[in-house]
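# Remarks on the overall topology
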Amino acid sequence: MPQHLKRLIGVFVIFILFFLVMRQVLRPKSFGELGHFRADAIYENTLRPMHYAVADSCTKCHKDIRSDKDLGFHAKLKCEVCHGPALKHATFANKFKNKQLPDSLVLYKPGERKDCAVCHQRNAARIKITFDTINTTMIHQVDIMKHHPVDPKTNAALKCIDCHNPHQP
Ligand code: HEC
Ligand code: HEC
Ligand code: HEC
Ligand code: HEC
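Further remarks concern a nonpolar patch on the surface. Together, Met 1, Leu 5, Leu 8, Ile 9, Phe 12, Val 13, Ile 16, Leu 17, Phe 19 and Leu 20 make up an exposed nonpolar region whose accessible area comes to about 1000 Å². Note on placement: Ile 16 falls in helix α1 (residues 3–26).

We now examine the site of ligand 3. Lining the immediate surroundings of ligand 3 are 17 residues, of which His 74, Cys 116, Cys 119, His 120 and His 140 lie closest. In the model, a nitrogen atom of ligand 3 is placed 2.8 Å from a nitrogen or oxygen of the His 120 side chain. Here His 140 contributes a backbone N or O atom positioned 2.6 Å from an oxygen atom of ligand 3. At the level of elements, α6 (113–120) and α7 (160–163) are the ones that each hand at least two residues to the shell around ligand 3. The leading source of residues in the shell around ligand 3 is α6, at four residues. Looking at the shell around ligand 3 residue by residue, the class counts come to 12 nonpolar, four polar and one charged.

Taken together, His 62 (NE2) and His 89 (NE2) make up the full set of protein donors to the iron atom of ligand 1, lying 2.0 to 2.1 Å away. Seen from the iron atom of ligand 1, its six donor atoms lie at angles of 88 to 179°, and the figure they make is octahedral. You can see His 62 sitting in the loop between α2 (40–46) and α3 (63–71) and its partner His 89 sitting in helix α5 (residues 87–95), a full 27 residues away along the chain. By relative accessible area, His 62 is classed as partly exposed at 40%.

A few words on the packing of aromatic side chains. Under the criterion given, the structure shown has one aromatic pair. Measuring from ring centre to ring centre gives 4.8 Å for Phe 92 and Phe 96, while their planes differ by 45°; the resulting arrangement is tilted. Residue class for Phe 96 comes out partly exposed when judged on its relative accessible area of 36%. Looking at Lys 99, its charged tip hangs above the ring of Phe 96, at a distance of 4.8 Å from the centre.

The next point concerns the coordination of the iron atom of ligand 2. The iron atom of ligand 2 binds to the protein through His 83 (NE2) and His 167 (NE2), with metal-donor distances spanning 2.0 Å. Taken together, the six donor atoms coordinating the iron atom of ligand 2 and their angles of 88 to 179° define a geometry best described as octahedral. Within this pair, whereas His 83 is found in helix α4 (residues 79–83), its partner His 167 is found in the segment after α7, the two being separated by 84 residues in sequence. On the basis of relative accessible area, His 83 is assigned to the partly exposed category, the value being 23%. For His 167, a relative accessible area of 21% gives the class partly exposed.

Bringing α6 into the picture now. Within the sequence span of α6, burial applies to Arg 113, Asp 115 and Ala 117. Tucked inside the fold, the buried residues of α6 contact α7.

Reading the values: rules and limits
Residues numbered from 1 in each chain as written. Chains lettered and ligands numbered in written order. Predicted model: local features only at pLDDT ≥ 70, side-chain atom pairs only at ≥ 80, totals over all residues. Heavy atoms only, no water. Patch = residues over 30% accessible without salt bridge, like charges linked within 9 Å, V, L, I, M, F, W, Y side chains within 5 Å. Areas by Shrake-Rupley, 256 points an atom, 1.4 Å probe, with all protein chains shown as cover. Salt bridge = Lys/Arg side-chain N within 4 Å of Asp/Glu carboxyl O. Helix = DSSP H or I, 4+ residues; strand = E, 2+ residues; numbered from the N terminus. Near = heavy atom within 4 Å. Polar contact = N/O pair within 3.5 Å; in protein donor to acceptor, adjacent residues only side chain to side chain. Nonpolar A, V, L, I, M, F, W, Y, C, P; charged D, E, K, R; others polar. Donors = N, O, S within 2.8 Å, 3.2 Å for Na, K, Ca; no water. Tetrahedral: all angles 85-135°; square planar, octahedral: opposite > 155°, others 65-115°. Buried < 20%, exposed > 50% of the residue type's maximum accessible area, 1.4 Å probe, protein only. Phe/Tyr/Trp six-rings, centres within 6.5 Å; stacked < 30°, edge-to-face > 60°. Lys NZ or Arg CZ within 6 Å of the ring centre and 35° of its normal. Contact = heavy atoms within 4.5 Å.

This is the structure:
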């Protein structure tokens, strides 16, 4: 065998050995126990603090809003999509029945135009929907700069919730 081939094979053997050793050293302990991932990752995730309540937990105290919402176009939206994580809110209200919620647990009420625009602003990059093929998982879009932009009396931009009930738009 020519000398240069021997050297090349030698180099390869060294690289492969180096790879095997490093793999052994660097591989996290629980890797591969349950599949091609770290089994510990599951446990670590369960330790993270929870922020969201389950969807139905709001119904207990806000029954009217829930039943309004179930009748309208926003039926499929979960409360916390709009109001933000509310586990602490629900836990506190459950524990201290007639006590005023502390400021930090009063939830955001997304009543500004920008809040609705997050989902409803027409955007060329979004999937196009026409009237005939409405699919409930797709969101109806308006150009909010043109859709009732200004109150003729006060010259101020109307809020979306001046006309649309957010719980039953
Ligand atoms: C144990 C009762 C209870 C539960 C459960 C509960 N809330 Fe409340 N919530 C209250 C009370 C009390 C208030 C303050 C008085 C009011 O406005 O009705 C309030 C107020 C609110 C407000 C208005 C905030 C403000 O500025 O007054 C929002 C929004 C809200 N809750 C959303 C939710 C959502 C979303 C959930 C479910 C994750 C939820 N709540 C679960 C009792 C509860
Ligand atoms: C599309 C977003 C959206 C969703 C989904 C939504 N809300 Fe609201 N919610 C709002 C807005 C906006 C307001 C403020 C209304 C206003 O100021 O007139 C509000 C107000 C409230 C208030 C204050 C009292 C009131 O009637 O104004 C409560 C309580 C509340 N929401 C609870 C809920 C609960 C419970 C759910 C789920 C069943 C829910 N919301 C789902 C947008 C939403
Ligand atoms: C998280 C996304 C989201 C947000 C935020 C949101 N919506 Fe919606 N909206 C939807 C979905 C999903 C539907 C149901 C599909 C549809 O009909 O377009 C819907 C439907 C509607 C409709 C009925 C459209 C139709 O088909 O005639 C109106 C009106 C509406 N929303 C107004 C609002 C207003 C006003 C706000 C702000 C308070 C708001 N939405 C915030 C997702 C959202
Ligand atoms: C002056 C009252 C008024 C205001 C303010 C208003 N809307 Fe509307 N909106 C309507 C009416 C009426 C309709 C139904 C007729 C139509 O399609 O124009 C409608 C329809 C819609 C639809 C359904 C469109 C479709 O293609 O069927 C959406 C989505 C919507 N509005 C979202 C919004 C959002 C988001 C805002 C805030 C930027 C807003 N609206 C502000 C009165 C209003």
